[in-house]
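What the coordinates show
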Amino acid sequence: MTRREKMHSSHWGVFTASEGQQGLTVKPFADDPNPNRLIDNFVDALDHPCRVAKPAVRRGWLENGPGPDRRRGHDEYIEMEWDEVLDLLAQELRRVQRRYGPEAIFGGSYGWSSAGRFHHAQSQVHRFLNTSLGGYVRSVNSYSAGASAVLLPHILGDLDEVARRGVSWEEIAEYSEIVLSFGGMALKNSQVASGGISRHTERDFMRQAAARGAEFIYFSPLQSDMPAESRAEWHTIVPGTDAALMLALIYDIVVNGWADRGFLARYCEGWDIFEQYVLGHTDGQPKTPDWAADICQVPAADIAALAQRLAGKRLMVTVAHSLQRAQHGEQPVWLGLALAAALGQPGLPGGGYNYALGAIGHYGKHHNAVAFPAFPQGRNGVKTYIPVARVADMLLHPGEQYDYNGHKLTYPHIALAYWAGGNPFHHHQDLGRLRRAFNTLDTLVVHEIHWTPTARHADIVLPCTLTLERDDIGGTATDNLLVAMQQVREPYGQARDDYDIFNDLARRLGTEAAFSEGRTSGQWLRRLYGQMADKLAAHGAPAPDFDTFWAQGSLYLPQIKDGGRLLRNFRTDPVGHPLPTPSGKIEIFSSAIDRFGYADCPGHPVWLAPRLRCDETHPFYLIANQPATRLHSQLDFGRHSGDAKRRGREVCKIHPLDAEGKGVRQGDIIKIFNGLGAILASADISDAIMPGVIQVPTGAWFDPYDPRDDIPFCVHGNPNVLTLDIGTSALGQGCIGQIAVVDFVRYDDPLPAVRAFVPPPVIRR
Ligand SMILES: Nc1nc2c(c(=O)[nH]1)N[C@H]1C(S)=C(S)[C@@H](COP(=O)(O)OP(=O)(O)OC[C@H]3O[C@@H](n4cnc5c(=O)[nH]c(N)nc54)[C@H](O)[C@@H]3O)O[C@H]1N2
Ligand SMILES: Nc1nc2c(c(=O)[nH]1)N[C@H]1C(S)=C(S)[C@@H](COP(=O)(O)OP(=O)(O)OC[C@H]3O[C@@H](n4cnc5c(=O)[nH]c(N)nc54)[C@H](O)[C@@H]3O)O[C@H]1N2
Ligand SMILES: [Mo]
């Protein structure tokens, strides 16, 4: 590091940054064996014209006061001074709280924010709402793992324990004979870890495993879901049908006598009931390879050959997060476990089941011996919550009952929503519906760095700092580098830290002492670091004082190698170390889930045909997966994200046969549509995708041609215009954004301009 270079971190990597005459320069962390280029998106971020420079209030809200308004998304904004806008907002918060109570405030504020642990926006919002307004309606689970987070505790253990402390990459490099992946383990996904990542190691582990002779086999509509280094064998599969394939593999394992009966009897609950279903004794349909072949379009002979190949091998099964971001997404998660159990693999080194390994940089790693303390959030006085992806349902159906994980819940009446650190017009499904839902609010408050589509729908927009404009500490439990995230330059315009905004609001509400405890953000950083240093000292690994840590820019932390402990201990001693499930065993049949009586998630895993299926009007599956060139929607205007677009639009992968059928050539702009809306994208014709499936990554900022349209037409290519907003099932109620059904045509009309990164009209006073 030269003197001007500052140490910094992001969810997509640790880096150094300096500002000079050429603007911002970023360099990846020197010890990173496989740095990723997402950091280049920062270069354009600091002074981009789409920064929010000053607080702004939507004209309709200012003129008519709080209340439902169809103008959200296509209104002008009036700039205001900080004092004036915070007075106005404090008054509105007080009004809502006095009139309806904190039960009318939605503070879920889902989103990834930035990597720093103190300026973590969700923690800031939650602490503010708890300390200053008595609480808020929260959200539970995530868009990432909505179905699996609810299912796994019933059948195996907590999501984090299963995904983060499962089979390690070292074990895979050393022991696995076959790694069977549903959905792949793309490096573009594992290059990201919330809180920061200093070393990207997945590529090297896969290379080592392959060099030793381990075989990687994956089922996925996209070839790019495994890196070349894994030398993986690619099989295509119709999206949303893996459950049928897994059932057929289990069928062949059972009928050929390859099942590990001893393991199933000793470690699993309810295998017999499930086996009756697999054999067709309960529903008259044996789950044979022939049966599955019709559903999945995987040849029956390939399924049979694979089942035989798996038998007797040290097998690791993994199911990507993406498979459960679909209707009935619980089923492939459950069946991946059932498949590994049928062959007696769970708990063996390099064997068994590691849900979502490779989907994110946290999994398959080791944990730090002590965790960095979280910024405390205080106590939430409101008990009401929603599963996170039910937000539009909640706003559109207040007072209605719905099912979730054995509970009957009722949607609250929300008057005000407060968002900081998330972008619902990126992450939510059916954006036309989301807009109608937000239009029902009295008030939507958003803290944002840039004029994102969510900011453009807000009533009050407060400009906040980009991570490079403040000091913070970055780190995560599965990375051994704690990073001093040093401020690189002064805040843009009038942007302020979320913490300082909340502190000034709290002062107006008379709750400043409770919110800030009298500390500046600098004092909080020292305090949190001090708590960490105490924990490290108690662990016998004394840490330097804060100033030394800050000057050196980072600190290596001791780790413990306890990967796989849950299943390994269970396998060694199932009585002494039962699993945290009701039976203490792997639940292939769950009495708890069975008692809920859900038709869309019965007591053992099943094949259920999804509502989303191709037909004459929707002949194509659309895969809307994670983008390779950015994290979600963050810094979409950045150069690395922009370089991957064509004519300013998101790129859609299409198989040559499908392109030919539509008269589409490489680089043509196409219109992809269904009943929910339409988007434009640039065609990229490639045989690295299966026929009948097209793919548009998520994250291009929503840019409706006419924002007043009820059926949106996004000219930039945001696939969430086309995804359906229903839950995975009554059990998980997770989002189903990964798959949609669509049609497409070549777009020959004059191309509308992309205005996603042009701020809305802002009137200066
Ligand atoms: N169709 C479909 N949809 C999906 C998915 C899919 O596979 N398909 N995937 C889903 C998944 S897994 C996820 S996790 C979600 C992700 O959805 P989000 O987490 O909402 O996406 P981000 O783009 O990371 O949004 C973070 C926002 O926080 C802002 N921000 C960053 N730092 C700060 C800060 O310090 N303060 C404030 N106030 N704001 C800040 C950024 O500018 C950005 O707008 O998307 C989901 N949506
Ligand atoms: N670069 C980058 N990395 C990221 C993120 C990002 O935004 N950018 N987001 C991070 C987050 S928050 C999360 S939760 C994880 C998400 O991790 P995942 O959800 O696993 O990631 P995706 O890329 O959405 O999906 C992985 C692949 O699954 C395949 N797939 C889709 N549907 C099916 C199906 O029905 N069957 C089979 N067999 N395959 C299918 C698709 O080809 C897709 O490329 O990624 C993380 N990593
Ligand atoms: Mo996610």
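Residues numbered from 1 in each chain as written. Chains lettered and ligands numbered in written order. Predicted model: local features only at pLDDT ≥ 70, side-chain atom pairs only at ≥ 80, totals over all residues. Heavy atoms only, no water.

Focus on the site of ligand 1
Neighbouring residues of ligand 1: 33 residues in total, closest His427, Glu448, Asp498, Ser633 and Asn720. Between ligand 1 and the protein, one listed contact pairs an oxygen atom with a side-chain N or O atom of Arg325 at 2.8 Å. The separation between an oxygen atom of ligand 1 and a polar side-chain atom of Glu448 is 2.4 Å. Going through the elements one at a time, helix H17 (424-427) and strand S19 (443-448) are the ones with two or more residues in the shell around ligand 1. Of the residues in the shell around ligand 1, the class split is eight nonpolar, 21 polar and four charged. Counting only domains with at least three residues in the shell around ligand 1, you end up with domain 1 (56-140 + 377-476 + 481-556) and domain 3 (620-746). (Near = heavy atom within 4 Å. Polar contact = N/O pair within 3.5 Å; in protein donor to acceptor, adjacent residues only side chain to side chain. Helix = DSSP H or I, 4+ residues; strand = E, 2+ residues; numbered from the N terminus. Nonpolar A, V, L, I, M, F, W, Y, C, P; charged D, E, K, R; others polar. Domains from an automatic or database assignment.)

Quick notes on the site of ligand 2
If you check the shell around ligand 2, you find 32 residues, and the closest are Lys188, Asp225, Gly240, Asp242 and Ser322. Within the backbone of His321, an N or O atom sits 3.4 Å from an oxygen atom of ligand 2. In this structure, Arg630 approaches ligand 2 through a main-chain N or O atom, which is 2.9 Å from a nitrogen atom. Notes on ligand 2: free accessible area 920 Å², of which the protein chains cover 98%. Of all the elements in the fold, those that place two or more residues in the shell around ligand 2 are helix H7 (187-190) and helix H14 (321-324). A per-class count over the shell around ligand 2 returns 15 nonpolar, 12 polar and five charged. A domain-level breakdown of the shell around ligand 2 finds at least three residues from each of domain 2 (159-367 + 572-596) and domain 3 (620-746). (Areas by Shrake-Rupley, 256 points an atom, 1.4 Å probe, with all protein chains shown as cover.)

Looking at the domain arrangement of the protein chain
Segmenting the protein chain into domains produces domain 1 (56-140 + 377-476 + 481-556), domain 2 (159-367 + 572-596) and domain 3 (620-746). On a C-alpha basis, the centroid separation for the pair domain 1 and domain 2 is 37 Å. Across the contact, nine residues belong to domain 1 and 10 residues belong to domain 2. Both sides together, the interface formed by domain 1 and domain 2 hides about 650 Å², and carbon and sulfur atoms give 68% of it. (Contact = heavy atoms within 4.5 Å. Buried area = accessible area lost by both parts, 1.4 Å probe.)

A word on the pairing of strand S26 (residues 620-623)
Taking every second residue as pointing to the same face, both faces of S26 are buried, with Phe620 and Leu622 on one and Tyr621 and Ile623 on the other. The sheet contact formed by S26 and strand S32 (residues 739-746) spans four bridges and is antiparallel. When the bridges of S32 are listed, Phe620 appears paired with Val742. Strand direction decides the pairing type here: S26 and strand S30 (residues 693-695), joined by three bridges, are parallel. Bridge pairing links Leu622 to Ile694 in S30. (Buried < 20%, exposed > 50% of the residue type's maximum accessible area, 1.4 Å probe, protein only. Pairing = 2+ DSSP bridges.)

Things to note about the packing of helix H3 (residues 121-133) against helix H19 (residues 498-509)
Interhelical geometry of H3 versus H19 gives an angle of 5° and a closest axis separation of 10 Å. Judged on the interaxial angle alone, H19 and H3 are roughly parallel. Here H3 contributes Ala121, Gln124, Val125, Phe128, Ser132 and Leu133 to the contact with H19, which in turn contributes Asp498, Tyr499, Phe502, Leu505, Ala506 and Leu509. (Axes fitted to C-alpha atoms, helices over the stretch in contact; angles between N-to-C directions. Parallel < 35°, antiparallel > 145°, perpendicular 65-115°, else oblique.)

Description of the packing of aromatic side chains
Applying the stated criterion across every chain, the model contains 37 aromatic pairs. Judged by centre distance (4.6 Å) and plane angle (10°), the rings of Tyr529 and Phe549 are stacked. In this pair, Tyr529 sits in helix H21 (residues 521-538) while Phe549 sits in helix H22 (residues 546-552), placing the two residues 20 residues apart along the sequence. The pair Tyr529 / Phe549 is uniform in exposure class, with both members buried. Following the ring pairs from residue to residue traces out a cluster consisting of Phe118, Phe128, Phe375, Tyr418, Tyr499, Phe502, Phe515 and Trp524. (Phe/Tyr/Trp six-rings, centres within 6.5 Å; stacked < 30°, edge-to-face > 60°.)

Regarding helix H23 (residues 565-572)
By the burial criterion, the buried members of H23 are Leu566, Leu567 and Phe570. Angularly, the buried residues of H23 cover 85° about the axis, an arc narrow enough to put them on a single face. Here the buried face of H23 lies against helix H5 (159-164), helix H10 (261-267) and strand S25 (586-587). (Arc of directions from axis to C-beta.)

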